[in-house]
Amino acid sequence: MNGSIRPAIKFLSFLLILASSGTVHSSDANKKLVIVTTVAPITNIVQNVGGAYTEVIGIVPDGTDSHTFEPVPTDAKILQSADIIIVNGLDLELPTVKLAEKVKKAKTPILRLGNHTLRKEEWRYDFSFPREYGHPNPHLWPNIALAMRYAELVRDKLIELDPAHKEDYLASTSVYLAKLQKLDKAIFNCVGIIPEKNRKLVTYHDSFAYFAPRYGMKVIAAIQPSDFSEPGPQEVIRIIKQIKKEKVPAIFGSEVFPSKVMEQIARETGVKFIDQLSDDELPAPPNHSFIGMMANNMGLMAESLGGDPACIAHVDTSNINP
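These numbers come from a predicted model, not from an experiment.

Novice: How do you make sense of the state of the cysteines when you look at a structure like this?
Specialist: Chemically, a disulfide is nothing more than a covalent bond linking the sulfur atoms of two cysteines. A complete count under the given rule lists 1 disulfide for this structure. The disulfide that involves cysteine 190 links it to cysteine 311, with 2.0 Å between the sulfurs. Classification of the bridge connecting cysteine 190 and cysteine 311 rests on its S-S torsion, roughly 110 degrees, and on that basis the disulfide is right-handed. Taken together, the residues cysteine 190 in helix H7 (residues 166-193) and cysteine 311 in the segment after helix H11 (290-304) connect sequence positions 121 residues apart. For the pair cysteine 190 and cysteine 311, one class covers both residues: buried.

Written as structure tokens, this is what we have:
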């Protein structure tokens, strides 16, 4: 073979190897990473970290019960298009993850945030998530320290996939973490204003199992059983007795989980029934953010349990990457 041709062939082979690698080149440096997520709080955290260099698609509609959500055929196409799939994990989105593993591109990673945030011995089991069923309580994000870890995990994974925009991901995450730190501090302050005897939570769905111990509150009861049905008569009687014994001033439901049983329990015990607490539905603009959702929750808790809802009013609920 001609000696002048051989170097040219080697150079062409080198270019082909580069083209087949996962490195971002100048020709696609402006291509956005397609990120598919699940529940709204996680989607919002990813949007704030990823910013202008990502296209984030949440497939679980706002206000939908994430435990019973079943993906539809159009979701399969969305999952196929993903460069990365980010889920909460801890068995929250089993049908979605099962579908994703079938249809995603071979090189597309699935990042399970919860599984990388807590060790197994730190997982919580409770009335809604009994240990014998093997599925831990997956609601880590209302604990803001754990939500901050979620943001850091997302940042690190995006840098790994898109190193060309490393500095942008670092900068946006730094700003977002500072906002979360202020929210975390405000929640501590709000709980501190609530009379100690009232720092008790009775909720419909057991979404605050990781929230309560961080901020000095106690989950007294969760109404919804592990099969996501309504509780039976004996369980309702037990909860009513417990509320009266603990002298709980208010119980909390959710628009996502409308419950006649909670209304009955409130009537029987004479306590206030607040049906607007949320663990996965973001509030309307201008507070349409994960931070806005948690600020709303804390304001409702403070007002209903004898504190001052103004304790959370100063928190900036805006998104850094709208």
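On we go.
Novice: Mind showing me how you'd approach the pattern of salt bridges here?
Specialist: For side chains of opposite charge, pairing can occur when their charged atoms come near one another. Under the counting rule described, the total for this entry stands at 12 salt bridges. Between arginine 119 and glutamate 122 there is a salt bridge, and its shortest N-O distance comes to 3.7 Å. Judged by relative accessible area, which is 32%, glutamate 122 ranks as partly exposed. The partner of arginine 238 in a salt bridge is glutamate 235, with the nearest N and O atoms 2.5 Å apart. Taken as a pair, arginine 238 and glutamate 235 lie in helix H9 (residues 233-246) at a separation of 3 residues, close to a single helical turn. The class of arginine 238 is partly exposed, set by a relative accessible area of 38%.

Novice: When you look at the sheet that holds strand E2 (residues 54-58) in this model, what are you seeing that I'm missing?
Specialist: As a general point, the strands of a sheet are linked pairwise by backbone hydrogen bonds and lie either parallel or antiparallel. Taken in spatial order, the 4 strands make up an open sheet running E2-E1-E3-E4, and their pairing is parallel. Each of the sheet's edge strands pairs with one partner strand only, and the pair in question is E2 and strand E4 (110-112). Each adjacent strand pair in this sheet contributes to an overall mean axis angle of 25 degrees, direction not counted. Pairing between strand E3 (residues 84-87) and E4: 3 bridges, direction parallel. Bridging from a neighbouring strand, isoleucine 85 pairs with isoleucine 110 of E4.

Novice: Would you explain unusual backbone geometry in this entry?
Specialist: The bulk of non-glycine residues show a negative phi, and the bulk of peptide bonds are trans. With an omega of 10 degrees, the peptide bond running from proline 285 to proline 286 counts as cis. Its location among the elements puts proline 286 in the loop between strand E8 (272-274) and H11. The phi dihedral of aspartate 91 falls on the positive side, at around 70 degrees, and the residue is not glycine. Tracing the backbone through its elements, the reader meets aspartate 91 in the loop between E3 and helix H4 (94-103). Owing to a relative accessible area of 34%, aspartate 91 belongs among the partly exposed residues under this scheme. We note that lysine 247 has phi near 55 degrees; this positive angle belongs to a residue other than glycine. For lysine 247, a relative accessible area of 65% translates into the label exposed.

Novice: Where do I start with the nonpolar core in this structure?
Specialist: Among soluble globular proteins, nonpolar side chains are generally buried collectively. Counting residues in each nonpolar core, the largest one holds 78 residues, and the members touching the most others are Phe211, Phe290, Met301 and Ile312. Ranked by residues supplied to this core, first place goes to helix H6 (residues 144-161) with 10 residues. Excluding anything up to four places from it in sequence, phenylalanine 211 contacts Pro142, Asn143, Ile187, Leu201, Met217, Met294, Met298 and Met301. Formed by 16 residues, the second largest nonpolar core is a distinct cluster that contains Ile220, Ile223, Val236 and Ile243.

Novice: Would you take a moment to explain the packing of aromatic side chains for this structure?
Specialist: Where two aromatic rings form a pair, the distance of their centres and the angle of their planes describe that pair. Within this structure, the stated rule accounts for 3 aromatic pairs. Between phenylalanine 211 and tyrosine 215, the aromatic rings sit 4.9 Å apart at their centres with planes inclined by 45 degrees, giving tilted as the arrangement. A residue pair is termed a helical-turn pair when its members lie 3 or 4 positions apart in one helix, as phenylalanine 211 and tyrosine 215 do in helix H8 (residues 211-215) at 4 residues. Like tyrosine 215, phenylalanine 211 is buried. Ring pairs connect the aromatic residues Phe188, Phe208, Phe211 and Tyr215, which therefore count as one cluster.

Cut-off values and rules
- Residues numbered from 1 in each chain as written.
- Predicted model: local features only at pLDDT ≥ 70, side-chain atom pairs only at ≥ 80, totals over all residues.
- Heavy atoms only, no water.
- Disulfide = S-S within 2.5 Å.
- Helix = DSSP H or I, 4+ residues; strand = E, 2+ residues; numbered from the N terminus.
- Buried < 20%, exposed > 50% of the residue type's maximum accessible area, 1.4 Å probe, protein only.
- Salt bridge = Lys/Arg side-chain N within 4 Å of Asp/Glu carboxyl O.
- Pairing = 2+ DSSP bridges.
- Axes fitted to C-alpha atoms, helices over the stretch in contact; angles between N-to-C directions.
- Core = buried A, V, L, I, M, F, W, Y, C linked by side-chain atoms within 4.5 Å.
- Contact = heavy atoms within 4.5 Å.
- Phe/Tyr/Trp six-rings, centres within 6.5 Å; stacked < 30°, edge-to-face > 60°.

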